[in-house]
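Topology and contacts: notes
Chain by chain, the residues:
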Amino acid sequence: MSAAAQDTPVPVPVPVPDDAIEVEGLSKSFGERVVVRDLSMRVRRGQIYGFLGPNGSGKTTTIRMLCGLLTPDAGRGTCLGLDILTQARAIRRHVGYMTQKFSLYADLSVRENLEFVARIYGVPDPVGAARAAVERLGLTGRDRQLAGSLSGGWKQRLALGACILPSPQLLLLDEPTAGVDPKARREFWAQIHELAAEGLTVLVSTHYMDEAERCHEIAYIAYGELLAQGTVEDVIARSGLVTWSVTGADPAALARELAALPGVEMVAPFGTSVHVGGHDAAALEAAIAPYRQRPGLDWRADAPTLEDVFIDLMTRSKDNFAKDGAGKDGRR
Amino acid sequence: MSGGGPLGSLRRIGAMMRKEFLQLLRDRVSFATMIMIPLLQLVLFGYAINTTPRHLPTAVLAHENTSLTRAILASLENTKYFAVTHHPRTEAEAERLMRSGDVLFVVEIPAGFERAVRRGENPSMLVAADATDPVASGSALAALRTLVDTAMTRERFIVEGGPRGSGLEDQPPAFEIITHARYNPAAVTQLNIVPGLLGTILTMTMLIFTALSVTREIERGTMETLLAMPIRPVEVMLGKIAPYVMVGAAQATLIVVAGIVLFDVPVVGSLGLLAALTGLFIVANLSIGYTFSTLAQNQLQAVQMTFMYFLPNILLSGFMFPFAGMPQWAQWISETLPLTHYLRMVRGILLKGATADDLVYDMAALTAIMLVAMLIAVSRFRQTLD
Ligand SMILES: Nc1ncnc2c1ncn2[C@@H]1O[C@H](COP(=O)(O)OP(=O)(O)OP(=O)(O)O)[C@@H](O)[C@H]1O
Ligand SMILES: [Mg+2]
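Residues numbered from 1 in each chain as written. Chains lettered and ligands numbered in written order. Predicted model: local features only at pLDDT ≥ 70, side-chain atom pairs only at ≥ 80, totals over all residues. Heavy atoms only, no water.

Some details on the sheet that holds strand 13 (residues 273-278) of chain A
Residues and elements named next belong to chain A. Put simply, the test is: Note on pairing: DSSP must find at least two bridges between two strands before they are called paired. A helix here means a DSSP run of H or I that spans at least four residues, while a strand means a run of E at least two residues long, and both kinds are numbered starting from the N terminus. All axes here are fitted lines through C-alpha atoms, helices being fitted over the stretch that makes contact, and every angle between N-to-C directions spans 0 to 180 degrees. Pairs of residues are marked as contacts when any of their non-hydrogen atoms sit within 4.5 Å.
Read across the sheet, four strands follow the order 12-13-11-14 without closing on themselves; strand pairing throughout is antiparallel. Where the open sheet ends on each side, the last strands, each with one partner, are strand 12 (266-270) and strand 14 (298-302). Averaged over neighbouring strand pairs, the angle between their axes works out to 20° when direction is ignored. With five bridges joining them, strand 12 and strand 13 adopt antiparallel strand pairing. What sits directly across from valine 267, in strand 13, is valine 276. Contacting strand 11 (242-247), strand 12, strand 13 and strand 14, helix 9 (residues 251-259) crosses the sheet at an angle of about 15° to strand 13. In the packing of helix 10 (residues 281-293) onto the sheet, contacts are made with strand 11, strand 13 and strand 14, and the angle to strand 11 comes to roughly 15°.

Printed below as a string of structure tokens:
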């Protein structure tokens, strides 16, 4: 940043390279426990990048390292072309971070919260900007309500509104739609896509598969390790999973039986049907062959879903983890 | 634009201040506490002082009954502080009366007292006081000083060696009163209370409220958002401290005005100087409170730390016990406490008319303490969540 740009209250676009996020070998441990291990990723500018992984896999920790809230133990990287280790302050000006837990001021009103954010970021006309944000959020008439008294879904919307108020170039959203109703979620995603179309880059962590499918690219992290990365189709294709679905009476009992078979690596009941999968197509077919003859069961070969892939990734990484002896802290 | 410039910095401090003020106004309980603590203390102390106890039960153990002893007893009662209620016969009996709390004073006139006075032998009369409650006994003891004179005038005593007021003033008085404050050797005087209250109330409220203000952000999770914003630690600190400077100023004004109105505290020195030094003291306390808040994990710990710090302040600053009577090591500790210096300065200004020149040492010490606390606070403020 040039010295002349320092005092300008209006955000001056930083010349951003193609990659909004580009990190290599990021690691972070808390005490003995490695929470993020040798993580590398790239997010292209204007992309919506989904960040998935089981609870405690290190998503929040990674996001915090990206915006300079945590110092990585090892690794390097840039955010918007700025070094995450040395230019954290400059990064903060251009990054909107929405925390997993609501962390605006519960004892300030909606408008006061937004005005505070606007003033800290030096948005011109903070009062006007806050009023505009209130309208955009659909909170007109409730702008004097204390933020703490909003419902969970509205809190999330307010938090997102506060994030985009200072017109950042990169949004880091940590589970922004947890506990939000389907309609609001859809609106939320429509808004994210609009912002991305305007050139904003969005990294969003989520546990919802349908949201993952709305991302341009996704990354799957488990136990601190990045296990898969790419478009949804790529990730599914690269998984090498073969799946069948079977419909019949008593799917729970069926699932138990199938799970015990060699060659069956994954069994998941879905309503009246059961999803069965494995990596070795021949072994899987051999295993289920006797069951295909059984009356009342309707077998169909189908493509694995993203969820199948993730659960498979998670199971296998847990096995590896246990084998390495690295899973001594005994996480799920 | 991330705001290296002073303008950006001021703007962020302003935003922070505004936010703190809104939160302060919204937190009715805290706000009420800030006003109520000084008011309550003042009313309580004011009540205690306005009813300076009179007619305190007194036992007189007279080993002779002469016109002089009668004159002394009459002057004792004349002061309105003493009411002779008991006439014990033995020292043991007098001792028991005092221990049981039946009397607050025992006046002992030795045998052959009058004769000794006439001979100019300068004999002693012993007054033992139950000083467990120094406010109760203090003013009565102070009144004793005039007793010799009144008793002598009353008796129109001709003391050998020339009458008093005849240019022979360096001659010892006719007799001596040895007062013996029992159970509490250092009696607190009333004039000490206003400077003391001013100092302790400011210390308490300033510390608690700043200590809480940062830990509250950590506890409620808002610190994560704050840290992710482009604001510097020193800007956060200044923005958080500033509203409380005003609160402190309001409290100080309240106490000083009430002190003048309620206790007739003389304001010998300059009120402007007092205001300036009070400002310095407030900022010093706020910086210390801020340092605590960067050490504490939660609001409870912050409150505990404040109390731990408050205790030596009360005990060692000279508010409760005279500074001069403390051992060397305790004096060194108290020199590091802002309250010690502030009390000296307030007493100096209010009661003795001290000027800035007289207070250079304490001003310098207070400034140094403040700067050290600020430095620690800013350097301790974590810019990350590690
Ligand atoms: N400050 C900290 N001190 C110690 N351990 C921590 C800290 N922050 C996170 N952890 C641990 O690091 C691991 C990863 O946590 P993180 O919050 O990054 O997971 P996550 O992927 O965001 O999980 P979730 O989906 O539940 O939000 C967890 O096991 C957590 O207990
Ligand atoms: Mg998380």
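Picking up where we left off.
Some points on the interface of chain B and chain A
Rules: For salt bridges, the criterion is a side-chain nitrogen of Lys or Arg within 4 Å of an Asp or Glu carboxyl oxygen. Definition of a polar contact: a pair of N or O atoms within 3.5 Å, with one able to donate and the other able to accept a hydrogen when the atoms are protein atoms, and with sequence-neighbouring residues admitted only if both atoms are side-chain atoms. Here the nonpolar group is Ala, Val, Leu, Ile, Met, Phe, Trp, Tyr, Cys and Pro; Asp, Glu, Lys and Arg are the charged ones; every other residue, Gly included, is treated as polar.
The interface of chain B with chain A comprises 31 residues on the first partner and 38 residues on the second. Across the pair A:Glu112 and B:Arg26 runs a salt bridge whose closest N-O atoms are separated by 2.5 Å. At the surface where chain B touches chain A, the tally comes to 13 residue pairs in polar contact (both at pLDDT 80 or more). Broken down by secondary-structure element, the contributors of at least two residues to the side of chain B that touches chain A are helix 1 (6-26), helix 8 (193-220) and helix 9 (222-227) of chain B. When residues of the side of chain B that touches chain A are assigned to their parent elements, the largest contribution, nine residues, is made by helix 1 of chain B. Of the residues belonging to the side of chain B that touches chain A, the class tally is eleven nonpolar, ten polar and ten charged.

Observations regarding the pairing of strand 1 (residues 56-62) of chain B
Residue and element names in this part refer to chain B. Which entries qualify depends on this criterion: Partly exposed residues are those whose accessible area sits between 20% and 50% of the maximum for their type, while under 20% is buried and over 50% is exposed, using a 1.4 Å probe and protein chains only.
Counting buried positions along strand 1 gives five out of seven residues, so the element sits mostly inside the fold. Strand direction decides the pairing type here: strand 1 and strand 2 (residues 82-86), joined by four bridges, are parallel. Directly across from threonine 58, in strand 2, lies its bridge partner valine 84. With five bridges joining them, strand 1 and strand 3 (residues 105-109) adopt parallel strand pairing.

Observations regarding the pattern of salt bridges
Counting across every chain of the model gives 29 salt bridges over all chains. For A:Asp298, the salt bridge goes to A:Arg300, with nearest N and O atoms at 3.7 Å. Its relative accessible area of 39% is what places A:Asp298 among the partly exposed residues. Here B:Lys19 and B:Glu217 are joined by a salt bridge, their closest N and O atoms 2.4 Å apart.

A closer look at the coordination of the magnesium ion (ligand 2)
Residue and element names in this part refer to chain A. Definition in use: Each metal's donors are the N, O and S atoms found within 2.8 Å of it, except that Na, K and Ca use a 3.2 Å limit; water is left out, so coordination can look incomplete.
On the protein side, the magnesium ion (ligand 2) has Thr60 (OG1) and Gln100 (OE1) as donor atoms, found 1.9 to 2.1 Å from it. Here threonine 60, found in helix 1 (residues 59-66), pairs with glutamine 100, found in the loop between strand 6 (95-98) and helix 3 (110-121); they are 40 residues apart in sequence, far enough to count as distant. A relative accessible area of 18% means that threonine 60 is categorised as buried. The class of glutamine 100 is partly exposed, set by a relative accessible area of 39%.

Overview of the sheet that holds strand 4 (residues 74-79) of chain A
All names here are of chain A. The strand order across the open sheet formed by four strands is 2-1-4-5, and the pairing between neighbours is antiparallel. If you trace the sheet from one side to the other, it starts and ends with strand 2 (33-44) and strand 5 (82-83), each paired once. Note: strand 4 against strand 5, two bridges, orientation antiparallel. Residue pairing across strands places cysteine 79 opposite leucine 82, the latter belonging to strand 5.

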